[in-house]
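Here is what each chain is made of, one letter per residue.
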Amino acid sequence: SLQPKTTWTSSNFSNEKSGHCTSVPRNANMEKLRSGYLFPEISRHELEHTQKCPHARLIRLGIGDTTEPIPEIITSAMAEHAHALSTVQGYRGYGAEQGNMALRRAIAETFYRDLGVKENEIFVSDGAQCDISRLQMLLGSNVSVAVQDPSFPAYIDSSVIVGQAGKFQEETGKYENIVYMKYGHDNNFFPDLSTTSRTDIIFFCSPNNPTGYAASRQQLKQLVEFAKANGSIIIYDSAYSTYISDESPRSIFEIPGAKEVAIEISSFSKFAGFTGVRLGWTVVPEDLKYSNGFPVMNDYDRIVCTCFNGASSVVQAGGLACLSKEGYRALSRVVDYYRGNAEIIVDTFASLGLNLKVYGGRNAPYVWVRFPGYSSWDIFSEILEKTHIVTVPGRGFGPGGEEYIRVSAFGHRECILEASRRLKNLYK
Ligand SMILES: Cc1ncc(COP(=O)(O)O)c(/C=N/[C@@H](CCC(=O)O)C(=O)O)c1O
């Protein structure tokens, strides 16, 4: 249940000293963060709405959180492992910080077969969001960063927290020292690299959150060449790769030369429903070297060993079951179910006849809807107030998201159909 949680930020905290204060100074980087993290903010708006309309049946198409049960073959593998911990012969303590070797091998086999990714280059974790922060610890504050605009907010917020960013500029809605690679309907959803400044790190998400766009092979070749020419490292987020239904690359390592310039993070959250179970992985290729020739993988291994004691053994048993033939087949049916939801959402907005433009939903569980001339927070509020449907205002993903909303396809089918009916009643 949603508890009222005030997120204390610079904007809603007054500096009056009340009661005892320590002498510890606040981290100046935390001061730079402009508002609460986007998704708890959405939850806060949702809570306020339910308090205002206690009888409304809310439909949550905001935070990209899975809703369908995990197939029995996977949950029973976790239960079996958990029960074995009650026996002398079955009990296990700390595992390898890098992950269970059988699981690392299964990830290599399932997602990187014939791509030359080896199991020792795969680091199992408690989720991609956590790995983003561990990678930021690895990189430190003296690197320059580029992000897509709009983009998943964790890249920017973690860059601010570790000190890579300068001050926030109210007038542009951007942080200094971060390069925002604008992309959208007017440039085929891929940034113009010919006008993009060089940075040490390039965060790139495909299929993209929030736009749902999957970069083409040609575009990713450009990205790899751009990174190679600039001596940059790509951090490629493939959390939604299992939703790709066309020939778009599922991994950056499908692109020749990528192992010398890219790290890939991914997750069990969106294809296995592990958003609350917590399991992900990061690929750091042996060929990826710092400017002094030192392998990045060695330092990432040190970060993992020092700052993380490995993913839960129970959850890793579940991960292994996900990648079994039967488990993966069962999960593919769930991914198809969400794809069907996305199709209904795309058709709904396309049918409204307003001057709006509908993107995404084909290779990702997100539909990206543009209401030209409207503020995305106004659209978000109008839809919430008049249809009790939660979406995410595009502006929350960066200045490039203005005029858009993101609609998640994660939901029970009857909720998606009801949302479709309500939107048609509102706008038709
Ligand atoms: C591109 C991308 N990468 C990583 C994640 C989080 O992955 P996990 O930490 O493995 O669950 C996400 C999760 N996104 C959800 C949930 C966000 C959240 O609650 O932090 C969303 O965009 O609604 C993501 O979109």
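What you see is a predicted model; the values in this text were computed from it and never measured.

Asker: Where do I start with unusual backbone geometry in this structure?
Answerer: Leaving glycine aside, a negative phi is the common case for residues, and trans is the common case for peptide bonds. Here the amide bond leading from Asp 149 into Pro 150 is cis, since omega sits at 10°, within 30 degrees of zero. Structurally, Pro 150 can be placed in the loop between β3 (145-149) and α6 (153-162). Cis peptide bonds are those with omega within 30 degrees of zero, and the linkage from Ser 206 to Pro 207 qualifies with -5°. Examined against the element boundaries, Pro 207 turns out to sit in the loop between β7 (201-205) and α7 (217-230). Phi at Asn 188 takes a positive value of approximately 50°, unusual for a residue other than glycine. With respect to the helices and strands, Asn 188 occurs in the loop between β6 (178-182) and β7.

Asker: What am I meant to see in the sheet that holds β6 here?
Answerer: Across a sheet, paired strands are connected by hydrogen bonds in the backbone, their directions being either parallel or antiparallel. Taken together, the seven strands give an open sheet; going across it, the order is β2-β10-β9-β8-β7-β3-β6, and neighbouring strands pair in mixed fashion. In the strand order of this sheet, the two ends are held by β2 (122-125) and β6, each with one partner. Each neighbouring strand pair of the sheet contributes to a mean axis angle of 20°, computed without reference to strand direction. Where α7 meets the sheet, its contacts fall on β7 and β8 (233-237), and the angle it forms with β7 comes to roughly 170°.

Asker: Explanation requested: the state of the cysteines in the structure shown.
Answerer: Applying the stated criterion across every chain yields a total of zero disulfides. Left without a disulfide partner, Cys 415 is nearest to the cysteine sulfur of Cys 53, which lies 17 Å away.

Asker: Please explain the site of the ligand as it appears in this structure.
Answerer: In the neighbourhood of the ligand, 20 residues make up the surrounding shell, with Gly 64, Tyr 240, Ser 267, Ser 269 and Arg 278 lying closest. Measuring from an oxygen atom of the ligand, one finds a backbone N or O atom of Gly 64 at 2.6 Å. For the ligand, an oxygen atom lies 2.6 Å from a polar atom in the side chain of Ser 269. Burial of the ligand by the surrounding chains reaches 90%, relative to a free accessible area of 560 Å². Sorting the residues of the shell around the ligand by element identifies α5 (128-139) and α8 (269-272) as the ones contributing at least two each. For the shell around the ligand, the residue count by class is ten nonpolar, six polar and four charged.

Asker: I would appreciate a short explanation of the confidence of the model for the protein chain in the present structure.
Answerer: The predicted coordinates should not be examined in detail at positions where pLDDT is low. For the protein chain, per-residue confidence averages 95 on the pLDDT scale, and 97% of positions sit at 70 or higher. Per-element averaging of pLDDT across the protein chain places helix α2 (residues 38-52) at the bottom with 93 and β8 at the top with 99. Here residues 1-5 is modelled with pLDDT under 50, and outside its nearest four sequence neighbours on either side it reaches seven contacts, counting other chains as well.

Asker: How do you make sense of helix α9 (residues 296-307) when you look at a structure like this?
Answerer: Each turn of an α-helix holds 3.6 residues, which means side chains three or four residues apart point in the same direction. An ideal rise of 1.5 Å per residue puts 16 Å on twelve residues; α9 measures up with 16 Å between its terminal C-alpha atoms. Among all positions of α9, only Val 296, Met 297, Tyr 300, Ile 303 and Val 304 are buried. Looking down the long axis of α9, one finds its buried residues gathered within 115° of arc, a one-sided arrangement. Seen from the buried face of α9, the exposed residues on the opposite side, beyond 90 degrees, are Arg 302 and Thr 306.

Asker: Would you mind going over the packing of aromatic side chains with me for this structure?
Answerer: Geometry of an aromatic ring pair is reported as the spacing of the ring centres plus the angle between the planes. Scanning the model with the defined rule gives 29 aromatic pairs in all. Relative to Tyr 213, the ring of Phe 189 has its centre 5.4 Å away and its plane inclined at 25°; by these criteria the two rings are stacked. You can see Phe 189 sitting in the loop between β6 and β7 and its partner Tyr 213 sitting in the loop between β7 and α7, a full 24 residues away along the chain. Owing to a relative accessible area of 9%, Phe 189 belongs among the buried residues under this scheme. Ring geometry for Phe 371 and Tyr 427: centres 6.2 Å apart, planes at 50°, overall tilted. One end of the pair, Phe 371, is in the loop between β12 (366-370) and α12 (376-387); the other, Tyr 427, is in helix α13 (residues 413-427), with 56 residues separating them in the sequence.

Asker: Help me understand α7 in this model?
Answerer: End to end, α7 covers 20 Å across 14 residues, agreeing with the expected 20 Å (1.5 Å per residue, within 8%). All of the buried residues in α7 are Gln 219, Leu 220, Leu 223, Val 224, Phe 226 and Ala 227. Taken around the axis of α7, the buried residues stretch over an arc of 160°, which confines them to a single face. Opposite the buried face of α7, by more than 90 degrees, sit the exposed residues Glu 225 and Ala 229. Structurally, α7 contributes buried residues whose contacts are with β7 and β8. Just downstream of α7, Gly 231 is the residue with a positive phi angle, here 65°.

Asker: Sorry, what's going on with the packing of helix α3 (residues 72-84) against helix α10 (residues 313-322) here?
Answerer: Each pair of packed helices can be described by the angle between their axes along with the distance between the axes. α10 packs onto α3 with a crossing angle of 145° between their chain directions and a minimal axis gap of 8 Å. Judged by the twist between their axes, the crossing of α3 over α10 is right-handed. Where α3 approaches α10, its residues Ile 73, Ile 74, Ala 77, Met 78, His 81 and Ala 82 are matched on the opposing element by Ser 313, Val 314, Val 315, Ala 317, Gly 318, Ala 321 and Cys 322. Residue composition of the contact of α3 with α10, by class: ten nonpolar, three polar and no charged.

Criteria and thresholds
- Residues numbered from 1 in each chain as written.
- Predicted model: local features only at pLDDT ≥ 70, side-chain atom pairs only at ≥ 80, totals over all residues.
- Heavy atoms only, no water.
- Helix = DSSP H or I, 4+ residues; strand = E, 2+ residues; numbered from the N terminus.
- Pairing = 2+ DSSP bridges.
- Axes fitted to C-alpha atoms, helices over the stretch in contact; angles between N-to-C directions.
- Contact = heavy atoms within 4.5 Å.
- Disulfide = S-S within 2.5 Å.
- Near = heavy atom within 4 Å.
- Polar contact = N/O pair within 3.5 Å; in protein donor to acceptor, adjacent residues only side chain to side chain.
- Areas by Shrake-Rupley, 256 points an atom, 1.4 Å probe, with all protein chains shown as cover.
- Nonpolar A, V, L, I, M, F, W, Y, C, P; charged D, E, K, R; others polar.
- pLDDT = per-residue confidence, 0-100.
- Expected span 1.5 Å × (residues − 1).
- Buried < 20%, exposed > 50% of the residue type's maximum accessible area, 1.4 Å probe, protein only.
- Arc of directions from axis to C-beta.
- Phe/Tyr/Trp six-rings, centres within 6.5 Å; stacked < 30°, edge-to-face > 60°.
- Left-handed = near helix turned anticlockwise from the far one by under 90°.

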